[in-house]
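# Topology and contacts: notes
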Amino acid sequence: MTMLEPCQTSYDLAARRAEFPILHQQVHGRPLVYLDNAATSQKPQAVIDCLQHYYSQDNANVHRGVHCLSERATAAYEAARDRVRAFIHADRREEIVFVRGTTEAINLVAQSYLRPRLQPDDEILISTLEHHSNIVPWQILCRQTGARLRVIEISDAGEIDQASFQRLLGPRTKLLAVGHVSNALGTINPVAEMIEQAHTQGVPVLVDGAQAVPHLAVDVQQLDADFYAFSGHKVYGPTGIGVLYAKQALLEAMEPYQGGGDMISKVTFEHTDYNQLPYRFEAGTPNIAGAIGLAAALDYVDAIGLAAIAAHEQQLLEYGSDALQRVPGLRLIGTARQKAGILSFVMEQAHPHDISTVLDQFGVAIRAGHHCTMPLMQRLGLPATARASLALYNGPDDIDALVAGLQQVCRLFGDR
Ligand code: C6P
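Because the structure is a prediction, the values reported are computed rather than measured. (Residues numbered from 1 in each chain as written. Predicted model: local features only at pLDDT ≥ 70, side-chain atom pairs only at ≥ 80, totals over all residues. Heavy atoms only, no water.)

### Brief notes about the overall build of the chain
Our working rule: Each helix is a run of DSSP H or I of at least 4 residues and each strand a run of E of at least 2, with the numbering of both proceeding from the N terminus. The size measure is the radius of gyration over C-alpha atoms, and the globule rule it meets is 2.2 Å times the number of residues to the 0.38 power. Three labels apply to residues, based on accessible area from a 1.4 Å probe with only protein chains included: buried if under 20% of the type maximum, exposed if over 50%, partly exposed otherwise in between. The Shrake-Rupley method, run with a 1.4 Å probe, gives the accessible areas here. Residue values count only the displayed protein chains as cover. Residues scored as charged are limited to Lys and Arg (positive) and Asp and Glu (negative), so that His and the chain ends carry no count. Lysine's charge is taken at NZ, arginine's at CZ, aspartate's at CG and glutamate's at CD.
Across its full length, the chain carries 14 helices and 17 strands. The C-alpha atoms of the chain give a radius of gyration of 22 Å, which matches the 22 Å a tight globule of 416 residues would have. Viewed in the frame of its principal axes, the chain has a C-alpha envelope of about 75 × 55 × 35 Å. Looking at the 416 residues of the chain, the share that counts as buried comes to 58%. Carbon and sulfur atoms provide 50% of the accessible area of the chain, an area that totals close to 17,100 Å². A gap of 4 Å separates the mean positions of the 33 positive and 45 negative side-chain charges of the chain.

Right, dumping it as structure tokens:
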């Protein structure tokens, strides 16, 4: 197979890579090629420095102390909330709830918003593409309330079947919960149109934005999303921090599902008055450093610009799709017209886990498995896929290294 020409771009890839210290190492004697960004992305020096500064200069609990460190920590934590608000274009800081990640955000909506509003035979609508984090919380809720989970079909290319959506959206639907970008296939779903459609029937919408926020500019007001969830660690921030955006009127009408410190304004043994928004939903000491680190990550992304990042990644996605399709026996899984950041594939010669093991010997990190989308894999008739997922520091040379590793898979497991 001939190597492809690197794609032409004015994007300063070398500068970007220089900002990520972890990338500058060898794995099994080869330069690390990190293509597992959908699982978690690497952290730029700016985020690492921010965390180090926080822990070495400002660390204290928030909203509690009147001493200097506590005031500094509180100011930085609340500034992080403002940063997130601006990043996703929310109207108000009260609409930004810090959580552990996308999973916790969805569970919060399930238990605090939807549970008290569900009757037996009500319906929750999701799609076949969903991550387990956008399936299981609704299943738990269905078991708790007698409601039913309805699932929108997809095409073989991995696009949501809009006719199926129209059919299933009805008077019993109490929530539509849909991913913005599929983690397993990379499909960008037409969430704005789906939200508009759902709203015509008075159905609120939760968008799982875990795989969208690192790749697309998100404007929650333009989308008119009722709830939007994402994780810090996929957008170059720390693990253990994430965001639930929710329209203020919805948050106002919700009961907290976790009780404890910080979410109260007054407690007696008889009664508790809850704190104002958004603290009502942030029980216990939050991940202060995580929130501050997330703000640094969003600053970093904004400084480069999501438009530039998206253009670079799209070019790379095309380059990667072309290159992979030339590998004998390889089939791309997920060929939607609108995609972001994901190259999922299977090979006739080898199981995805074997592919991943061989690639690791080449220093190439990908993910193999069901990607926490077992029902989707079942729909596609596959036990697993191999998945290369892109970030702003990947380049054509990373794809070339991936392809070189796959050629070794062909040699080891036999060409067709
Ligand atoms: N997907 C992947 O390798 P947490 O774990 O809460 O940060 O994110 C969960 C989650 C929810 N929705 C989508 C679309 C996701 O992709 C993920 C995380 C990772 O694809 C780990 S399974």
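### Looking at the sheet that holds strand 4 (residues 96-99)
Quick note on the threshold: Strands were regarded as paired on the criterion that DSSP finds at least two bridges between them. All axes are obtained by fitting lines to C-alpha atoms, using only the stretch in contact for helices, and the reported angles, taken between N-to-C directions, cover 0 to 180 degrees.
Spatially, seven strands are ordered 4-10-9-8-7-5-6 in an open sheet, and the strand pairing comes out mixed. The open sheet has two free edges, formed respectively by strand 4 and strand 6 (148-152), since each of these has just one partner strand. Neighbouring strand axes in the sheet, compared pairwise and without regard to direction, differ in orientation by 20 degrees on average. Looking at chain direction, strand 8 (residues 205-208) and strand 9 (residues 227-231) are connected through three bridges and run parallel. Within strand 9, the residue paired with Leu206 across the bridge is Phe227.

### What to know about the domain arrangement of the chain
Let me state the cut-off plainly: Note that the domain bounds reflect an automated or database-derived domain assignment. Any two residues whose heavy atoms approach within 4.5 Å are treated as being in contact. As a working definition, buried area equals the accessible area (1.4 Å probe) given up by two parts on being put together, with both sides summed. For this document, the term salt bridge refers to a Lys or Arg side-chain nitrogen within 4 Å of an Asp or Glu carboxyl oxygen.
Assigned domains of the chain: these are domain 1 (13-31 + 305-413) and domain 2 (48-303). Computed over C-alpha atoms, the centres of domain 1 and domain 2 are 28 Å apart. Contact residues are listed per partner, giving 35 residues for domain 1 and 31 residues for domain 2. At the boundary of domain 1 with domain 2, total buried surface from both sides reaches about 2,600 Å², with 59% on carbon and sulfur atoms. Of all residues in domain 1, the largest losses of buried area upon contact with domain 2 belong to Leu306, Leu376 and Arg379, amounting jointly to 23% of the total for that side. For the pair domain 1 and domain 2, the number of links is two salt bridges. In this structure, the salt-bridge partner of Arg379 is Asp156, at a minimum N-O distance of 2.8 Å.

### Structural notes on the packing of aromatic side chains
Put simply, the rule reads: Two rings from Phe, Tyr or Trp (for Trp, the six-membered ring) form a pair when their centres sit within 6.5 Å of each other. Planes less than 30 degrees apart are called stacked, planes more than 60 degrees apart edge-to-face, and all others tilted. Placement of a charge over a ring requires the Lys NZ or Arg CZ to be within 6 Å of the ring centre, with the centre-to-atom vector within 35 degrees of the ring normal.
Here the structure, examined in full by the defined rule, presents seven aromatic pairs. Put simply, the rings of Phe20, Tyr236, Tyr300 and Tyr393 pair up and form one aromatic cluster. Directly above the ring of Phe362 sits Arg30, whose terminal nitrogen or CZ lies 4.4 Å from the centroid.

### Remarks on the side chain of Lys43
For the record, the criterion: Throughout this description, a polar contact denotes any pair of N or O atoms lying within 3.5 Å of each other; where both atoms belong to protein, one of them has to be capable of donating a hydrogen while the other can accept it, and for residues adjacent in sequence the pair is counted only when both atoms sit in side chains.
Looking at where Lys43 falls in the secondary structure, it is placed in the loop between strand 3 (33-34) and helix 2 (45-58). For Lys43, the side chain forms a polar contact with the main-chain oxygen of Ser41, separated by 2.6 Å. A distance of 2.9 Å separates a polar side-chain atom of Lys43 from the backbone oxygen of His233.

### Describing the pairing of strand 10 (residues 242-246)
Most of strand 10 sits inside the fold, with five of its five residues counted as buried. Where strand 4 lies against strand 10, four bridges are found, and the strand directions are antiparallel. By the bridge assignment for strand 10, Ile96 is matched with Tyr245. Note: strand 9 against strand 10, five bridges, orientation antiparallel. Within strand 10, the residue paired with Ser231 across the bridge is Gly242.

### Focus on the sheet that holds strand 17 (residues 385-389)
The strand order across the open sheet built from four strands is 13-14-17-16, with neighbouring strands paired in antiparallel fashion. Only two strands of the sheet have a single partner each, and these edge strands are strand 13 (330-333) and strand 16 (367-369). Strand-to-strand twist of the sheet, defined as the mean angle between neighbouring strand axes without regard to direction, takes the value 30 degrees. Of the strand pairs in this sheet, strand 14 (residues 342-347) and strand 17 are connected by four bridges, and their pairing is antiparallel.

### Some points on helix 3 (residues 68-87)
Stated precisely, the cut-off is as follows: Multiplying 1.5 Å by the helix residue count minus one yields the expected span of that helix.
Taking 1.5 Å as the rise per residue, helix 3 with 20 residues should run 28 Å; its terminal C-alpha atoms sit 28 Å apart, in good agreement. What helix 3 keeps buried is the set Ser70, Ala73, Thr74, Tyr77, Glu78, Ala80, Arg81, Arg83, Val84 and Phe87. Looking at the packing, one finds that the buried side of helix 3 touches helix 2, strand 4, strand 9, strand 10, helix 10 (288-304) and helix 11 (306-325). Looking one or two residues past helix 3, His89 carries a phi angle of roughly 55 degrees, positive in sign.

### Details of the site of the ligand
This is how the line gets drawn: If a single non-hydrogen atom of a residue is within 4 Å of a molecule or strand, that residue counts as near it.
Taken together, 17 residues lie near the ligand, and Thr103, Asp208, Gln211, Ser231 and Arg367 sit nearest. Contact between the ligand and His233: an oxygen atom at 2.8 Å from a side-chain N or O atom of the residue. Between the ligand and Arg367, the relevant distance is 2.5 Å, taken from an oxygen atom to a side-chain nitrogen or oxygen of the residue. Protein coverage of the free-state accessible area of the ligand, which is 510 Å², stands at 86%.

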